Amino acid sequence: MLRVGRAVACVACNNLVSKNMGVRFRMPLQKLHPLSRAIHHRYNASANAQRPPHCSAARHFTSMSRLPMRPPKPPPGGHGGWRYQQHRNFWMLRLASRLLKLRYIVLGSAVGGGYTAKKTYEEWKDMLPDMSAYNWVVPDFVWELSDQIDLDKLTKILPELEEIAKLLPELPDFDKIGENFTFLKSILSTEAPGDTPVKAATEAPVTATPEASDKQFKKSSDKEKVDQLQEELLRTQMKYQRMLERLEKENKDLRKVVLQKDEKGIHQRKIKVCKSLIDMYSEVLDILSDFDSNYNTQDHLPRVVVVGDQSAGKTSVLEMIAQARIFPRGSGEMMTRSPVKVTLSEGPHHVAMFKDSSREFDLGKEEDLAALRHEIELRMRKSVKEGQTVSPETISLSVKGPGIQRMVLVDLPGVISTVTAGMAADTKETIFSISKNYMQNPNAIILCIQDGSVDAERSIVTDLVSQMDPQGKRTIFVLTKVDLAEKNLASPNRIQQIVEGKLFPMKALGYFAVVTGKGSAGESIDSIKDYEEDFFQNSRLLRDGMLKAHQVTTKNLSLAVSDCFWKMVRESVEQQADAFKASRFNLETEWKNNYPRLRELDRNELFEKAKNEILDEVISLSQVTPKHWEAILQKKLWERVSTHVIENIYLPAAQTMNSGTFNTTVDIKLKQWTDKQLPHKALEVAWETLQEEFARFMAEYKGKDQDDIFDKLKEAVKDESIKRHKWNERAMDSLRVIQHNALEDRSITDKPQWDAAIQFMEETLQARLKDTDSVINDMVGPDWKQRWMSWKNRSPEQHTRNETRNELERLLKLHEDHTAYLANDEVTTVRKNLEGRGVEVDPALIKDTWHQLYRRHFLQKALQHCNLCRRGFYYYQRHFVDSELECNDVVLFWRIQRMLLITANTLRQQLTNTEVRRLEKNVKEVLEDFGEDNERKIHLITGRRVQLAEDLKKVREIQEKLEAFIEALHKEK
C-alpha cells in the first residue's frame, strides 16, 4: 500500500482511498501522478501477498512496471559495455525525469484534493514508499528522504535536475519547471537540514527563529513566499481538477460506448453485474415497503434518507446527484408531498422510469423532463387523501445514466415549523412521523440538508436528526447555498464552525458544502456545475483553509454517499437475510399446524378463485327453464297488482249492478292502469325476480362445500352489479303495447280457458273474503267460543264494533241488494237504535264497519255467482242474454289472467335474451374494478388465513431476492 499524505493507494483494487471522518473515498489510480502510478505498479509486485483487508479485487500487475527489477547484464565484448553504459545512462535520465515530479509531492497531490503546506514532518515521511528495491539505480541521497531529507544534497542536485528538465521537452508540464525549482531551492536554502520544506513554509510566519531570519529573509519576506506557495497550490489544484474533469468526461463517454455494445467480454459482464445489482436491491426495498411485519422482522436495509427544512435545497441536491432536473419546483411552496424513492444506477442512456410503468423518460429532452415532473406532481397529489396535505405513500422512480453513482435515495417532505393556511392541521406532525419512520432504521444513511443562507439557529431538522442518530454514525451533513452564505454572513468563521460540527450539537459522519445554482428553475445541471466550480475556485473559504477541497461540490458528496451506502449494505444485508429466513420458518410452521390441507393462496389468488365461482353462478342463470321463469314472473306480478285490480277495478265496476256500466268502467280503468302503472310494475317485478334468482344460485353454491371466505366478496359483487344494472328503456314501450292489446281482447275461445278464468276468479275472491273476515274479527273481538276457551275478553271499542255489526247485519238481511254506501238517514237510524241499547257510537265508525260488512256480503254473493257461471260458457259463446248468467266478471278475470301470461312470457324473453347477459357483463365489470382496488380486496377478503398466506408469499419473495442480491454482491467483490 502506497501512502501519499493521508491518501492510500490500494495495490489490488486500483483505487486511491482517503480516510476522512469515517467515510472512504476512492479515486481511480489512472488519475494519479505518473510517478506515483509507476511506483504503485512496481510496488505491487512485492506487496501482492499482503493486500489490505478492504481490497476485494484480485488483480495482479506483473508486466505493467515502468522500472526494471534488475539492470540488464552487459553482453560480452567492448561494444556491449558501451551499450550497457548507454542503457544505464538512459535509465538515469528517466529516473531524473521522474524526480523532477518531486514538486508535486512538495506542492501536494492535486488528485487527492490538494494538500496545503501545513503537513508535519512525520506525515511527509509517511508519504514516501519503501524503495529499497531500487537502491542499485537511484543515488543514495534520494533514499535518505524516507528517514530524513538531506537539504544540502537536495539543494546541490536541484540545478542538475533543472538542466535535465530543459533537455526533456517531451515530458508533460515542464513549462515552469526551472522557475519552480529556483523558488524551491531558495526556500530549502533558508532552513536547517533537519526541517522539511512543507514545515518551513507553514511555520515560517509563526515559528521562525531569529537565527533563520538573520541568515536570509525577514519575517515579511517569509510570509510573502508562503502566500505565494499557497496560491501556487490552489492554481495547481484547480488546473489538475479541470484536467481530471476532462478525463472523467472522456471516461464517461467511453463507458457509455461500452455499455451500448453488446459484447461478452470481461468488462461488459462486470458492468452488467453492477448495473443489475442496484436494481435488485431496489426491488427488495419496494417489496419491503409494502410488507407489514408482525413477526419481529423489521426492514433494516440501508437507504439514503434525504431530510431537511422546507426550501433548504433537498430536491436540488438530489437532482445534482441524479444529474437531471426531475422534480417539480415551487418558490417557497411545499412541492414534495410524499416520499420519493429514487434508485440511481449506471446505464448507457440518461433515462428515468417509474416502478409501475414501462414508459421511459429521456432526461436529455426538455419535453420529457417536463412530462416527468408533471407525472411526479400528479402522483403526489393522487396519493394525498382528502383533507390531508402530505402522504406516507412512496413513489418509486429509477434514474439511469453514464457516470451516475449507484445508490437508493428517499426524498422526504420538508420539515416545517408552522402550519400555514391551506394545510391540514396535522401536517407538521405527519411530516415528523414520516421522517422518523425512515430515520429510525439503524442502517439508514441520513443526508441532513441545511440551508446555509439562513441562520443555523432557525433550523428544525438538526434537532430531529440528533434525536434519531445522536452519535452521528450514519449522518452526512450538507450545507447548501454556500454562495449566499459567504455573501450575506458577516463572519465566514460561522461557515467553518458549521462544516466542522461545532456550531450546534448535531454530530455527523462527514460535512460537505455545496452550491446548487442561483435559484433559477431554468438552470441546467451543467450550468450549475460550472457555477459551483467557479465559486469554489474563487472562494476565500477554500483559499483560506476554512473548507477542505474534499468537502466541497456535489460530486464529492455523491462519491462519499455512495461509498457509505455500499459499505452499510455489505455490513447489513446478510443479517437481514437471516432474519427473514427465520421469519419464513415461523410462518410456514404456523400454516402447517392450522391449515394442513389447504394450499397457500394469497389474496390475489383467492380473488381469482372467487371470480371464477361468481362467473359460474351468473352463467347458471341462463340454464333456468322458460317455464320456471314464467311461473315465477306471473305469480309475483299478480301479487304486486292484485290489490289494485280488486279494489280499484273489479269492486267499483261490479257494485254498479249494471252490465253496461260494469264493462264501461272496467275498460276505462284498465286503459288508465296500462298507460301509467302496469308496465312499470311489470319491469320492477322482472328485475326483482332476476335479483332473487341470482341470489338463489349464489346461496346454492355456498352450500356446495364452497369456501366461506368469499361470502363478503360475493355479496358485495351482487349488490354492486344490481346497483349498476338498468333495464332496457325500450322494453317498457313494447311491453305497454303488448299489455294493452291483451286487455282489450274479450273473446274466450274454449271451455278450458273459461274454466281456468272461473278458477282464477274463485281463488282470488276466496283470498279476499278470507282477508275481510280476518279484518272483521279483529274489529269485533273474540266470539263466545274464544272467550270461553281462551279466556279472552272484548275491549270497549270491540264491544261497540260488535254491537254496530249486529245492527248492520240486520239491515243487510232486510235489503240484500243494498248499494255499497249507506244513506245518511240509515246511519242516523242505526245510531239511534244503538243509543237505545246504551251504546254510544260515532257515524264514522258506523260507515267503516259497514264497508267491511258489505265487502264480505258482496264477495259471498260474487262467489255464488261464480258457481252459477260454470255452466255459462254456452250462453257466453252464443251471446245469449240471461240476467242470471251475465258473467262479465268472469271475462274480466280472464282478461287479467291472459295479460299476466303474456306479460310473463314477454319478460321471460327479455330476461333470457338480453338482461341476463347484461347482468353478466356488469358482474365482470364489477369484478375487474374490485381486482384493481387493493383496499377493497383487503376489506372483502380477510381473515388470519389470508394474512398468513400474504405474509408467507412476501417473506419468501424478499428472502429469494435478498439471496440473489447477496450472491451478485459477492461476485462483484
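Residues numbered from 1 in each chain as written. Predicted model: local features only at pLDDT ≥ 70, side-chain atom pairs only at ≥ 80, totals over all residues. Heavy atoms only, no water.

Observations regarding the environment of serine 721
- If you trace the backbone, serine 721 turns up in helix H25 (residues 711–724).
- When the C-alpha positions of serine 721 and glutamate 925 are compared, they lie 8.4 Å apart, and in sequence the two are 204 residues distant.
- If we ignore the near neighbours within four places in the chain, the residues touching serine 721 are Leu919, Asn922, Val923 and Val926.
- Separated by 2.7 Å, the side chain of serine 721 and the backbone oxygen of valine 717 make a polar contact. (Helix = DSSP H or I, 4+ residues; strand = E, 2+ residues; numbered from the N terminus. Contact = heavy atoms within 4.5 Å. Polar contact = N/O pair within 3.5 Å; in protein donor to acceptor, adjacent residues only side chain to side chain.)

Digging into the confidence of the model for the protein
- With 70% of its residues at a pLDDT of at least 70, the protein reaches an overall mean of 75.
- In the model, residues 1–84 has pLDDT below 50 throughout and makes 153 contacts with residues more than four positions away in sequence or in other chains. (pLDDT = per-residue confidence, 0-100.)

Considerations on the packing of aromatic side chains
- Going through the model one piece at a time under the given rule, you end up with 17 aromatic pairs.
- Ring centres of tyrosine 281 and phenylalanine 965 lie 5.1 Å apart, and the angle between their planes is 45°; this geometry places the pair in the tilted category. One end of the pair, tyrosine 281, is in helix H11 (residues 266–289); the other, phenylalanine 965, is in helix H35 (residues 944–972), with 684 residues separating them in the sequence.
- Geometry around phenylalanine 354 places arginine 379 over its ring, the cationic atom sitting 4.0 Å from the centre. (Phe/Tyr/Trp six-rings, centres within 6.5 Å; stacked < 30°, edge-to-face > 60°. Lys NZ or Arg CZ within 6 Å of the ring centre and 35° of its normal.)

Notes on the environment of isoleucine 498
- If you trace the backbone, isoleucine 498 turns up in helix H17 (residues 492–499).
- Each C-alpha atom of the pair isoleucine 498 and alanine 513 lies 9.6 Å from the other, and the pair is 15 residues apart in sequence.

Notes on the packing of helix H22 (residues 626–654) against helix H23 (residues 659–676)
- Following both chains from N to C, one finds H22 and H23 inclined at 150°, their axes separated by 8 Å at the closest point. Put simply, H22 runs roughly antiparallel to H23. Crossing of H22 over H23 shows right-handed handedness. Seen from H22, the contacting residues are Val641, His644, Val645, Asn648, Ile649, Tyr650, Pro652, Ala653 and Ala654; seen from H23, they are Phe662, Thr665, Val666, Lys669, Leu670 and Trp673. (Axes fitted to C-alpha atoms, helices over the stretch in contact; angles between N-to-C directions. Parallel < 35°, antiparallel > 145°, perpendicular 65-115°, else oblique. Left-handed = near helix turned anticlockwise from the far one by under 90°.)

Digging into the pairing of strand S9 (residues 395–401)
- Counted residue by residue, S9 has 6 buried out of 7 residues, so it is predominantly covered.
- Sheet analysis places strand S7 (residues 351–354) next to S9, joined by 4 bridges and oriented antiparallel. Looking across to S9, one finds that valine 351 is bridged to lysine 400. (Buried < 20%, exposed > 50% of the residue type's maximum accessible area, 1.4 Å probe, protein only. Pairing = 2+ DSSP bridges.)

Topic: the state of the cysteines
- Scanning the model with the defined rule gives 1 disulfide in all.
- With no disulfide of its own, cysteine 866 lies 6.6 Å from the sulfur of cysteine 869, the closest cysteine sulfur.
- You can call cysteine 866 buried: its relative accessible area is 0%. (Disulfide = S-S within 2.5 Å.)

So, the pairing of S7
- Inspection of the sheet shows S7 paired to strand S8 (residues 361–362) by 2 bridges, in the antiparallel sense. Following the sheet pairing, alanine 352 is matched in S8 by phenylalanine 361.

Quick word on a nonpolar patch on the surface
- On the surface, a cluster of nonpolar side chains totalling about 510 Å² of accessible area is made up of Trp784, Trp788 and Met789.
- Here methionine 789 is to be found in helix H28 (residues 784–790). (Patch = residues over 30% accessible without salt bridge, like charges linked within 9 Å, V, L, I, M, F, W, Y side chains within 5 Å. Areas by Shrake-Rupley, 256 points an atom, 1.4 Å probe, with all protein chains shown as cover. Salt bridge = Lys/Arg side-chain N within 4 Å of Asp/Glu carboxyl O.)

Some points on the side chain of serine 558
- Locating serine 558 in the fold gives a position in helix H20 (residues 554–594).
- Sequence-distant contacts of serine 558, defined by excluding residues within four places in its chain, comprise Ile321, Gln405 and Met407.

Some thoughts on the side chain of asparagine 922
- Here asparagine 922 lies in helix H33 (residues 888–932).
- Judged by its relative accessible area of 11%, asparagine 922 falls in the buried class.
- For asparagine 922, the side chain forms a polar contact with the side chain of histidine 725, separated by 3.1 Å.
- Those residues in contact with asparagine 922, other than ones at most four positions away along the chain, are Ser721, Arg724 and His725.

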